[in-house]
Amino acid sequence: MKRFFSKRKNQLFFSVGLILVISIALQSVQIMNKNLYLGPDWLFHYNRFYDAAQQIKEGNFQYFISMYGFSQSARIVNAFYGPMFAYLQGLILLLCGSWLKYQLVSNFLITFLSAISMLVLLIKTRNRLPVSLILSITYATFYVVQSWSFNQAFGSWGAAIIPLGVLAGTKFITDVNHFKTIPWLVLTMTLAIQVHLLTALFLIAILSIFFIIGFIQSNDKKNLFVSVLIAAIITIFTTANVWYPLLETSIENQLLRPFVNADMESSAIRLFIDKPANHLTMATFGLFVFQYLLLLFIKVGKLNKIVTFQSFVFFILSSRIIPWNEIAPKFPALMMLQFPSRLFLPAIVLGVLSVALSVESLFEDRQKQLKKSYIVYMILIGLCLMGIKIQHDSANEKLTFWKTDTLQPKIYHTVFKEEEPNLLRQSFDKEAGLNKPLTLIVKATHDYLPVKNNDITLDEDFNPAGEYKNAIINNPLDKDISKEVKDRQLKLEWESENNQEAVLPIIVYKRTQLILNGEALAKDEFKTNKIGALVVNPKVGDNVLTVQYNASPLFRYMMVVSFLSWFALIFLWARNLLIRER
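Attention here is on the structure that accompanies the text. What you see as residue numbers is a count from 1 along each chain, following the sequence as written. Local features in this predicted model are restricted to residues whose pLDDT is 70 or higher, and side-chain atom pairs enter the listing and the counts only when it is 80 or higher, whereas totals over whole chains, interfaces and linings include all residues. Only heavy atoms go into the side-chain values, all of them from the structure, while hydrogens and water stay out.

What follows covers the overall build of the protein. Assigned secondary structure in the protein consists of 23 helices and twelve strands. The atom set for the radius of gyration is the C-alpha atoms, and the globule formula is 2.2 Å times the number of residues raised to the power 0.38. What you see for the protein is a C-alpha radius of gyration of 26 Å, in line with the 25 Å of a compact globule of 582 residues. When the backbone C-alpha atoms are referred to their principal axes, the protein occupies close to 90 × 55 × 50 Å. Whether two residues are in contact is decided by their heavy atoms: any pair within 4.5 Å suffices. Of all intrachain contacts in the protein linking residues separated by at least 6 positions in sequence, the fraction that spans at least 24 positions is 76%. When the accessible surface of the protein is summed, it comes to about 27100 Å², and 62% of that surface belongs to carbon and sulfur atoms. In the protein, 56 positive and 41 negative side-chain charges are present, and the distance between their average locations comes to 17 Å. In this text, helices come from DSSP runs of H or I with a minimum length of four residues, and strands from runs of E with a minimum of two, each type numbered from the N-terminal end. Throughout, the Shrake-Rupley method with a 1.4 Å probe supplies accessible areas, and for residues the shown protein chains are the sole cover considered. We count Lys and Arg on the positive side and Asp and Glu on the negative side, and we leave His and both chain ends out. By convention, the point assigned to a charge is CZ for Arg, NZ for Lys, CD for Glu and CG for Asp.

Here's what the structure looks like:
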């Protein structure tokens, strides 16, 4: 056994294996009870992934409008919100075949990938493997990482990306040849933009600080600047499939912004370390305390100073120390953040790295390491066990919600088409079909709906959630309309007793093409209500409406550019590997 662990490759193999086992073990509560964790955002994201899954299953690919999810309303969501990642999640859902299996797999993936990502960061910044392994597992247990598992908070997927972005930032400080940093920068920023735009903004902030400091100290400023410029240009190309649809559709339509949080301070982290929902748990609190205690006994290196400073800044910004309710109205762009607690994730990533760097300095600066290493490892293992316990307690808390009548905490604007709890729980069974729970529980989210003009959004009486409920969720015509998807088109059929104006449960954008009873509708032949729901005059008798979205030719070119740029990125990685081997 000792001989086995003497080899570096075997140590890494064991580390990955241990992370794999623990990532599975953390799902034990859900595996034994076969329950789901339903949080505030499950309906939004599960509709996205179901739509992508059905597109893959039936071969009816539609990049823009929702033909299967979101009540088959033809609204645009995935094109604005990590489109390729949505297809990946849809593929996983399709392979799993049920929501329980999908949730187990996706929860495992975010735990495993987050731990591996952190392990790569810590090893690449030259921290010893035992410390890196313990901290990586601890990191994956933090509630801010597990928030996807319990609440379907999509920003938690950034936990698997931000460590890689921080690693790219450290190379501005440690690497001499900055051209080798290009693939790391492109990869991390491309992943962030393809998955979650807010994560990309966090990375830009982190990388900017590393870049400024690296630029000041660099003896080859031209090399550094050109490297970053090249990386930025390649990233623009690799993410063209994300930013161009958002740009084009935003210019052509007046889109409603996502939820605006008027009380941002209420969602900032609080010093209640016994409540995971407030993000500052005993484990995360202990991590920061441990780091600041270590700083008293070590000589802090340059990289550690930069990392600790950034961690402290993000931590303060995520807390109630900042008067968010006073600042946000003066700077409306800040409201895009919605919840200041989101800033806690980058604070944690940087905090874990700073602890690893401090421990490494502590071991190097003193001669007698045996006693202090024992104490340090006991503290680190204690933090890890504390994180595992908090994760287990949170799983049991969510299990309790699953057993209630609503299956989940109270969520605003959620409509239950079925009140019987047992029938709701059974709707998630594999036999019921993936779409069943999405039809029985519906949420009126108004993100990216096309309003007529910006003045409507300024009207105090304007209630987009209420409008969406009336037009899409509780539309009186729903019981009469049948919907099917064929040849990349959404087809609606219904029988009308008169030709009076009717609001159909369909959202219309500028490039939405409508064919009613065989005739293509011109702009002046139909109307839309306040949130873009279709208003038409049907004929008496049978009516057929066909809905499709005609993307612009430029969008198709951008898709080609994006895929070709990925090949360029792969070439850069291969080139770097060849250079390294030489």
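Once you've had a look at it, read on.
Bringing the pairing of strand S7 (residues 502-507) into the picture now. Two faces make up the sheet, and in a regular strand the side chains alternate between them. The buried label goes to any residue with under 20% of its type's maximum accessible area, the exposed label to any with over 50%, and the partly exposed label to all in between, with areas taken from a 1.4 Å probe on protein chains only. Along S7, five of the six residues are buried, which leaves the element largely enclosed by surrounding structure. One bridge is not enough; two strands pair if DSSP finds at least two bridges between them. Pairing analysis gives three bridges linking S7 to strand S11 (residues 533-536), with the strands arranged antiparallel. What sits directly across from Ile507, in S11, is Ala533.

One side chain can pair with another of opposite charge once the charged atoms of both are near each other. The term salt bridge refers to a side-chain nitrogen of Lys or Arg lying within 4 Å of a carboxyl oxygen of Asp or Glu. This structure, assessed with the given rule, holds six salt bridges. We note a salt bridge from Arg128 to Glu360, for which the minimum N-O separation is 3.1 Å. Remark: Glu360 occurs in helix H17 (residues 344-365) and Arg128 occurs in the loop between helix H6 (99-124) and helix H7 (129-141); sequence separation between them is 232 residues. Arg511 is the salt-bridge partner of Glu248, the closest N and O atoms lying 3.7 Å from each other. Of the two residues, Glu248 is situated in helix H13 (residues 240-252) and Arg511 in the loop between S7 and strand S8 (512-516); the sequence distance between them amounts to 263 residues. On the basis of relative accessible area, Glu248 is assigned to the buried category, the value being 7%.

Backbone geometry at Gln72 places phi at a positive 50°, although glycine is not the residue there. Relative to the helices and strands, Gln72 is located in the loop between helix H4 (42-58) and helix H5 (83-96). Residue classification places Gln72 among the buried residues on the basis of a relative accessible area of 19%. For Arg488, which is not a glycine, the phi torsion comes out positive at approximately 65°. Tracing the sequence through the fold places Arg488 in the loop between strand S5 (482-486) and strand S6 (489-496).

Mapped onto the elements of the fold, Met335 is located in the loop between helix H16 (324-327) and H17. Using a relative accessible area of 17% as the deciding quantity, one classes Met335 as buried. Remark: the alpha-carbon pair of Met335 and Gln152, spanning 183 residues in sequence, is separated by 21 Å. Those residues in contact with Met335 that sit more than four places away from it in its chain are Val260, Met264, Ala328 and Pro329.

Across the sheet, three strands lie side by side as S7-S11-S10; this open sheet has antiparallel pairing. Across the chains shown, the open sheet's two edge strands, defined by having one partner strand only, are S7 and strand S10 (527-528). Lines are fitted to the C-alpha atoms to define the axes, a helix being fitted only along its stretch in contact, and any angle between axes, read from their N-to-C directions, falls within 0 to 180 degrees. Here helix H22 (residues 464-473) sits on the sheet in contact with S7 and S11, set at roughly 100° to S7.

Below, the discussion takes up H4. A helix is expected to span 1.5 Å multiplied by its residue count minus one. Under the 1.5 Å per step criterion, the end-to-end length of H4 is 24 Å for 17 residues, consistent within 8% with the ideal 24 Å. For H4, a buried count of 14 out of 17 residues is recorded, marking the element as mostly surrounded by other parts of the structure. Where H4 terminates, the next one or two residues include Gly59, which has phi positive at roughly 75°.

Turning to empty space enclosed by the protein, a few remarks are in order. Lining residues are defined by having an atom within 4 Å of a point belonging to a cavity or pocket. Those points lie on a 1 Å grid over the protein atoms alone, cavities being sets where a 1.4 Å probe fits but cannot get out and pockets being open sets with protein on both sides within 12 Å along at least five of seven lines. Grid points are joined across faces, edges and corners, and a volume is the space filled by probe spheres set on the points. Going through the model one piece at a time under the given rule, you end up with three cavities of 30 Å³ or more. Taken as a whole, the largest cavity encloses approximately 70 Å³ of empty space. Together, Leu43, Phe44, Asn47, Phe70, Ser71, Leu438, Ile441, Val442, Lys443, Thr445 and Tyr468 line the largest cavity. Counting residues per element, the ones that place at least two in the lining of the largest cavity are H4 and strand S3 (441-443). Taken as a whole, the second largest cavity spans an internal volume of roughly 50 Å³. Lining the second largest cavity are Asp51, Ala52, Gln55, Gln62, Tyr63, Phe64, Ile65, Ser66, Asn78 and Tyr87. The leading source of residues in the lining of the second largest cavity is H4, at three residues. Amino acids are sorted into nonpolar (Ala, Val, Leu, Ile, Met, Phe, Trp, Tyr, Cys and Pro), charged (Asp, Glu, Lys and Arg) and polar (every other residue, Gly among them). Here the residues of the lining of the second largest cavity sort into five nonpolar, four polar and one charged.

A few words on the environment of Glu248. For the pair Glu248 and Leu554, spaced 306 residues apart in sequence, the C-alpha separation works out to 9.6 Å. Once residues lying within four places of it in the same chain are set aside, the contact partners of Glu248 are Arg511 and Ser552. Engagement of the side chain of Glu248 in a polar contact is seen with the side chain of Ser552, the distance being 2.4 Å. Pairs of N or O atoms within 3.5 Å make up the polar contacts considered here, provided that, within protein, one atom can donate a hydrogen while the other can accept it, and that residues adjacent in sequence are counted only when both atoms are side-chain atoms.

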